[in-house]
Amino acid sequence: PQGLYVVRLIEKKQKTISQLPPDTQQYHIRHILLKLDALTTASQAIEKLRQIRGQILQGQSFAVLAEKYSQDSNSAVKGGDLGWINIQDMPTVVATVLPKMKIGEISQPIQSGDGIELFQLLEKRQNTDKQQLMMGQAKQVLLQQKTNEQMAALLKQLRGSSYIKIEGGNEP
């Protein structure tokens, strides 16, 4: 089934260099992601990640288990390594857990928008390079622009292939 979503942009704000925070906490993390679907419930994924966490705590390699179990194909081949990530670029649920973790610590399973995840904190650092922060924001703006272009093209295609008949009087 196809549908049409109507989205209205109310306001758009862009930060300038002077509005950036003076420094930003960054985290070098890796994760194991289990996606939820018709065959995998949240409780099943949480239980599986608890078992995997237990194996890691008993000495098995997080990287090896990430390659074996993670359903994030981009990071699984790198042992679950997500690289350095700014705290403000993380989902809120993850951004509240990571600052409380110690280096090397393994989180409990966390439900995010992607599924259920297990994190390992490898390193922390303060990023005071405003140019790097601006580059990250520029990437986000370009990604948003590209998304908007693709959405416009999709809407044009849908309008071209749709038949709309309006019946009735001249109602506002």
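This structure is a prediction, so every number in the text was calculated from the model and none was measured. (Residues numbered from 1 in each chain as written. Predicted model: local features only at pLDDT ≥ 70, side-chain atom pairs only at ≥ 80, totals over all residues. Heavy atoms only, no water.)

Caption draft 1: The side chain of Asp 72, seen in detail. Note on placement: Asp 72 falls in the loop between helix 2 (62-69) and helix 3 (73-76). Nearest to the buried, unbridged Asp 72 among oppositely charged side chains is Lys 35, at 6.5 Å. At 3.0 Å, the side chain of Asp 72 and the side chain of Ser 75 are in polar contact. In contact with Asp 72, not counting residues within four places along its chain, are His 31, Leu 33 and Leu 82. (Helix = DSSP H or I, 4+ residues; strand = E, 2+ residues; numbered from the N terminus. Buried < 20%, exposed > 50% of the residue type's maximum accessible area, 1.4 Å probe, protein only. Lys, Arg positive; Asp, Glu negative; His and termini not counted. Salt bridge = Lys/Arg side-chain N within 4 Å of Asp/Glu carboxyl O. Polar contact = N/O pair within 3.5 Å; in protein donor to acceptor, adjacent residues only side chain to side chain. Contact = heavy atoms within 4.5 Å.)

Caption draft 2: Here's a closer look at helix 1 (residues 42-57). Between its first and last C-alpha atoms helix 1 spans 22 Å; for 16 residues at 1.5 Å apiece the expected length is 22 Å, and the two agree. Within helix 1, the full set of buried residues consists of Ala 45, Leu 49, Ile 52, Arg 53 and Ile 56. Looking straight down helix 1, one finds its buried side chains confined to an arc of 105 degrees; they lie on one side. When the buried face of helix 1 is taken as reference, the exposed residues oriented beyond 90 degrees from it are Ser 43 and Leu 57. Looking one or two residues past helix 1, Gly 59 carries a phi angle of roughly 115 degrees, positive in sign. (Expected span 1.5 Å × (residues − 1). Arc of directions from axis to C-beta.)

Caption draft 3: Looking closely at the nonpolar core. By size, the foremost hydrophobic cluster in this structure holds twelve residues: Ile 32, Leu 34, Ala 45, Leu 49, Ile 52, Ile 56, Phe 62, Leu 65, Ala 66, Ile 106, Ile 116 and Leu 118. Among the elements of the structure, strand 1 (24-34), helix 1, helix 2 and strand 4 (115-127) are those that each provide at least two residues to this core. Broken down by element, the residue count for this core peaks at four residues, all from helix 1. Once you skip the residues sitting within four places of it in the chain, Ile 106 turns out to touch Arg 53, Ile 56, Leu 57, Phe 62, Met 101, Leu 118, Phe 119 and Gln 120. In terms of nonpolar packing, the next biggest core, distinct from the first, is built from eleven residues, Ile 29, Met 90, Leu 98 and Met 101 among them. (Core = buried A, V, L, I, M, F, W, Y, C linked by side-chain atoms within 4.5 Å.)

Nothing here speaks to function; it is geometry throughout.
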